[in-house]
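Remarks on the overall topology
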Amino acid sequence: MKKIAILGSTGSIGTQTLEVVRENPDIQVAALAAGKNIGLLEKQIREFRPRIAAVWEEADAKELRERLRDMQVKIYSGMDGLIEVAVCQEAQMLVTAIVGMIGIRPTIEGIRRGKDIALANKETLVTAGHLIMPLIQEHKVQLLPVDSEHSAIFQCLNGEKENQIDKILLTASGGPFRGKTYKELENVRVEDALRHPNWAMGKKITIDSATMVNKGLEVMEAKWLFGVSLEQIQVVIQPQSVIHSMVQFKDGAVMAQLGTPDMKLPIQYALFYPERRNLPGERLDFAKMGRITFEDPDLDTFVGLKYAFEAAKTGGSMPTVLNAANERAVQMFLEGRIRFTDIYQVIRYCMDHHRVIENPDVGEILDTESAVYEMIESRW
């Protein structure tokens, strides 16, 4: 019986992870952590019966304890609670599906306790890849990507010798505004930006996909996950979201991983790697599909992707600045406080006004995040 802990169990990836668990009786949930959705978390606890659970606010933890008086479960709160879930003794694997840099410390503690990591938290590698990857090596644990693109690359590399990569071809759908000009994006409404053509995701990542900042974050992740330079990563628009990513090898051969746009596939692959199991659901029908097309990304319109390459090349604390600025700007856009293209303006302003810290530790990463938030609040 394999046991897992999940950070972010009430979000999009967390709930789909639990769907996979329902289909596989030989996997158990040992611990769950969520943010504020204690109603859903209560239902998850009653169904999956973890030993440990956590929420962010102590007031929510107190209410959850009251609701679950009939259950044998320990309820924690705050960062200490997330870490309790991450280091849960029974769990062999930690699924990091929580959004934001809040996931860095629990992920680090999970690695130190010998947990394999199923990684869906972009911020962990974007901001702290220089800390995480050496820890993975030191503690001899597996880091298994859950993002569909990185899972695709990981699958393409299966059975290949190391250092044979010539180029990673990171695919993107182009989002709901592919083909638009920057001017046309200025008056985009929230409901339009949340209407992704192919994928069903949480609000934050859906906006990130619409701005293509998400693809920039994935570039940074790929750099750390697969040990390649930025020059070896090429973003390719593949509007049908059928090819999830490709690898070009030194001899010119290209391998691609294809599938329907269903996040349960990479989730299940990470949970049971190297085993492949049956996954109920739709299969690709190439005759009906007709064609698969490719385009270059429009960096003049979707400047967030260009900024991400710049931040990655600068390194140090700059990726943290881009990530934090984007996170807050997306929140402001969703709240109707700024326009869609202002997300780019917020990122640019914060990058231009930051003094880079080389090789920041966790404390400096989180301090940089706070400084970016303060910078944004003082100007917007």
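Going by the structure above, here's the rest.
Here's a quick rundown of the structure. (Residues numbered from 1 in each chain as written. Predicted model: local features only at pLDDT ≥ 70, side-chain atom pairs only at ≥ 80, totals over all residues. Heavy atoms only, no water.)

**Considerations on empty space enclosed by the protein**
Put simply, the test is: Cavities and pockets are found on a 1 Å grid laid over the protein atoms alone: a cavity is a set of points where a 1.4 Å probe fits but cannot escape, a pocket is an open set with protein on both sides within 12 Å along at least five of seven lines, and a lining residue has an atom within 4 Å of such a point. Grid points are joined across faces, edges and corners, and a volume is the space filled by probe spheres set on the points. Classes in brief: Ala, Val, Leu, Ile, Met, Phe, Trp, Tyr, Cys and Pro nonpolar; Asp, Glu, Lys and Arg charged; the others, Gly included, polar.
Applying the stated criterion to the full structure yields 1 cavity of 30 Å³ or more. Taken as a whole, the largest cavity spans an internal volume of roughly 50 Å³. Taken together, S148, Q155, W199, H244, Q257, T260, D262, L265 and P266 make up the lining of the largest cavity. Its residues assigned to classes, the lining of the largest cavity shows 3 nonpolar, 5 polar and 1 charged.

**Let's talk about the side chain of T17**
Where we set the bar: The helix count covers DSSP runs of H or I at least four residues long, the strand count covers runs of E at least two residues long, and both are numbered beginning at the N terminus. Only heavy atoms matter for contacts: two residues are in contact if any of them lie within 4.5 Å across the pair.
Position of T17 relative to the elements: it lies in helix α1 (residues 12-23). Setting aside chain neighbours within four positions, we find T17 in contact with I4, I6, V95, I267 and L271.

**Looking at the sheet that holds strand β1 (residues 2-7)**
Rules: Whether two strands pair comes down to DSSP finding at least two bridges between them. All axes here are fitted lines through C-alpha atoms, helices being fitted over the stretch that makes contact, and every angle between N-to-C directions spans 0 to 180 degrees.
Taken together, 7 strands build an open sheet; the order of strands is β4-β3-β2-β1-β5-β6-β7 and the sheet is parallel. Lying at the two open borders of the sheet, with one neighbouring strand each, are β4 (74-77) and β7 (143-145). For this sheet the average axis-to-axis angle between neighbouring strands, irrespective of direction, equals 25°. Of the strand pairs in this sheet, strand β2 (residues 27-33) and strand β3 (residues 52-55) are connected by 3 bridges, and their pairing is parallel. Within β3, the residue paired with A33 across the bridge is A54.

**With respect to the layout of surface pockets**
Approximately 780 Å³ is the volume found for the second largest pocket. F154, L157, E162, L225 and F226 are the residues nearest the centre of the second largest pocket, which is lined by 26 residues in total. Counting residues per element, the ones that place at least two in the lining of the second largest pocket are α6 (122-139), β7 and α11 (213-226). Considered class by class, the residues forming the lining of the second largest pocket number 15 nonpolar, 8 polar and 3 charged.

**Considerations on the nonpolar core**
Note the threshold: Nonpolar cores were defined as sets of buried Ala, Val, Leu, Ile, Met, Phe, Trp, Tyr and Cys residues, with membership established by side-chain atoms within 4.5 Å. Any residue under 20% of the maximum accessible area for its type is buried, any over 50% is exposed, and the rest in between are partly exposed; the area is computed with a 1.4 Å probe on protein chains only.
In this structure, I4, I45, F226, L271, L322, F340 and I343 are the most contacted members of the largest nonpolar core, which totals 125 residues. When neighbours within four sequence positions are excluded, I343 is seen to be in contact with I207, T211, N326, A329, V330, F333 and I338.

**Focus: unusual backbone geometry**
Of note, the amide linkage connecting Y273 to P274 takes the cis form, showing an omega dihedral of 5°. Mapped onto the elements, P274 comes out in the loop between α12 (264-272) and α13 (286-289). Even without being glycine, R49 reaches a positive phi, approximately 55°. By relative accessible area, which is 57% here, R49 ends up exposed.

**Side note on the sheet that holds strand β11 (residues 254-258)**
Taking strand neighbours across the sheet as the criterion, the 4 strands line up as β9-β8-β10-β11 in an open arrangement whose pairing is mixed. Of all strands in the sheet, those with a lone pairing partner are β9 (233-237) and β11, marking the two edges. If you compare each strand with its neighbour and ignore which way they point, the axes differ by 20° on average. Examined bridge by bridge, strand β8 (residues 165-172) and β9 share 5 bridges and lie parallel to one another. When the sheet's bridge partners are listed, T171 is paired in β9 with V236. Packed onto the sheet, α11 meets β8 and β9 and runs at close to 150° relative to β8.

**Thoughts on the pairing of strand β10 (residues 243-249)**
A regular strand carries its side chains on alternate faces of the sheet. Among the 7 residues that make up β10, 7 are buried, leaving the element largely enclosed by the rest of the structure. Across 4 bridges, β8 lies against β10 in antiparallel orientation. What sits directly across from I168, in β10, is V247. Relative to β11, β10 runs antiparallel, the two sharing 5 bridges. From the neighbouring strand, S245 faces β11, where its bridge partner is Q257. Between the end of β10 and the start of β11, which pair antiparallel, lie 4 residues, with G252 showing a positive phi angle near 95°.

**Section: the packing of helix α4 (residues 78-86) against helix α5 (residues 104-112)**
Which entries qualify depends on this criterion: Any angle that falls under 35 degrees is termed roughly parallel, while one over 145 is termed roughly antiparallel, one within 65 to 115 roughly perpendicular, and all others oblique. Note on convention: the crossing is left-handed when the near helix lies turned anticlockwise from the far helix by less than a right angle, right-handed when the turn is clockwise.
Two numbers describe how α4 lies on α5: the axes approach to 8 Å, and their chain directions differ by 30°. Considering the angle they form, α4 stands roughly parallel to α5. Considering how the two elements wind past one another, α4 and α5 form a crossing that is right-handed. When α4 is examined against α5, the residues M79, L82, I83 and A86 are found in contact with a partner set consisting of R105, P106, E109 and G110. Grouping the constituent residues of the contact of α4 with α5 by class yields 5 nonpolar, 1 polar and 2 charged.

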